[in-house]
Amino acid sequence: MFTIIGERINTTLGNIKKAVENKDIEYIREDVKKQTQCGATYIDVNAGARIGHEEEDMKWLLEIVQGATDLPLCLDSPDPQILETAYALVNKTPMINSISLEKDRFDSMIPFLKGKNCKIIALCMDDSGMPKTSEDIINRAKTIVGELENIGMKRDDIFVDPLIQPMSVDNNNGTMVMDAVKAIMQDLGGVHTTGGLSNISYGLPKRKIINRSFLLMMMANGFDSAIMDPLDKDIMAALKTGEMLAGHDNYCMNFLTSVRAGEIEA
Ligand code: THG
């Protein structure tokens, strides 16, 4: 099944930042309820935008989000200490977002992850920066998955993020990640792949059609999770149709159920 990580509880979004500043519990609750109803698998929580307030904001958000949904959370921070604090506060097995091959982050995340019950997003990032070729992505994926297996993590708990970069920056950014996802899903059988879908359309107009088209092309290469907006009806319809076309929907049952529920229009 495709894993949908709902991206909307993120203080880099102006409305969420305002709700956190104003301690508007009801606004956060309503958003989380909507993401849940629309079919999210995890709710991502990112409190990183208010510099100096991340720990306080993360704690506040976790209590409200968990009070509004039964879904598990995706704890989103580059700071291992924030992740440690957040992990201690969740009441369901979370997804940790994220570990990378950057030395400082890797060295503090590995002892944190050892023996813990969680899913993990593994970024294909190292101290030399963002990947420049699909081989970079594939090599980093193999290294980090190997390291996670060494501390006892199961492939089914690992979500490799190839790092989706904007098309507006380089014409090869789409094929680079698509080729890498295909190789990762073949060569590292059992792992998952995920990533921030909307990165692809950054700097271009009509972003929704770009994100939606790209999701289907990624799915054709085996992409089986995305960090995305589950309230976007068009992308959710494309996702369900894509799952059916990829052969992941026996007798097209889920597709037909969604059509009858009025979720797929054209
Ligand atoms: N990989 C991993 N985690 C991630 C990302 C990733 N977490 C953060 C981010 N990228 C994914 N989350 C979001 C959340 C919201 C939006 C985009 C990505 C979003 N942005 C609007 C835009 O870009 O136009 C609105 C911006 C605004 O209102 O300020 O909605 O890649 N592992």
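This text goes with the structure placed above it.
Residues numbered from 1 in each chain as written. Predicted model: local features only at pLDDT ≥ 70, side-chain atom pairs only at ≥ 80, totals over all residues. Heavy atoms only, no water.

1. Some words on the site of the ligand
Thinking step 1. Neighbouring the ligand are 14 residues, the closest being Asp 76, Asn 97, Asp 161, Asn 199 and Arg 207.
Thinking step 2. At a separation of 3.5 Å, an oxygen atom of the ligand approaches a polar backbone atom of Thr 12.
Thinking step 3. Notes on the ligand: free accessible area 670 Å², of which the protein chains cover 64%.
Thinking step 4. Every element with two or more residues in the shell around the ligand is listed here: β1 (3-10) and β5 (119-123).
Thinking step 5. Its residues assigned to classes, the shell around the ligand comprises four nonpolar, six polar and four charged. (Near = heavy atom within 4 Å. Polar contact = N/O pair within 3.5 Å; in protein donor to acceptor, adjacent residues only side chain to side chain. Areas by Shrake-Rupley, 256 points an atom, 1.4 Å probe, with all protein chains shown as cover. Helix = DSSP H or I, 4+ residues; strand = E, 2+ residues; numbered from the N terminus. Nonpolar A, V, L, I, M, F, W, Y, C, P; charged D, E, K, R; others polar.)

2. Looking at the pairing of β1
Thinking step 1. The buried fraction of β1 is high, at seven of eight residues.
Thinking step 2. Bridge count for β1 against strand β8 (residues 225-228) is four bridges, and the pairing is parallel. Of the residues in β8, the one forming a bridge with Ile 5 is Ile 227.
Thinking step 3. For β1 and strand β2 (residues 42-46), the ladder comprises four bridges, and the chain directions are parallel. Bridge assignment links Ile 5 to a residue of β2, and that residue is Tyr 42. (Buried < 20%, exposed > 50% of the residue type's maximum accessible area, 1.4 Å probe, protein only. Pairing = 2+ DSSP bridges.)

3. Quick look at the packing of helix α4 (residues 80-89) against helix α5 (residues 103-113)
Thinking step 1. Across the interface, α4 lies against α5 with an axial gap of 10 Å and an inter-helix angle of 20 degrees. Considering their axes alone, α4 and α5 lie roughly parallel with respect to each other. In terms of crossing hand, the pair formed by α4 and α5 is right-handed. Packed against α4, whose contacting residues are Pro 80, Leu 83, Glu 84 and Tyr 87, the element α5 presents Ser 108, Met 109 and Phe 112 at the interface.
Thinking step 2. Residue classes in the contact of α4 with α5 are distributed as five nonpolar, one polar and one charged. (Axes fitted to C-alpha atoms, helices over the stretch in contact; angles between N-to-C directions. Parallel < 35°, antiparallel > 145°, perpendicular 65-115°, else oblique. Left-handed = near helix turned anticlockwise from the far one by under 90°. Contact = heavy atoms within 4.5 Å.)

4. Some points on the sheet that holds strand β7 (residues 192-193)
Thinking step 1. Spatial ordering of the open sheet is given by β7-β6-β5-β4-β3-β2-β1-β8, a layout of eight strands whose pairing is parallel. The outermost strands of the open sheet, each flanked by one partner alone, are β7 and β8.
Thinking step 2. Pairing analysis gives four bridges linking strand β4 (residues 95-99) to β5, with the strands arranged parallel. The partner of Asn 97 across the bridge, within β5, is Ile 121.
Thinking step 3. Its contacts with the sheet put helix α2 (residues 25-37) on β1 and β2, and the angle it makes with β1 is roughly 165 degrees.

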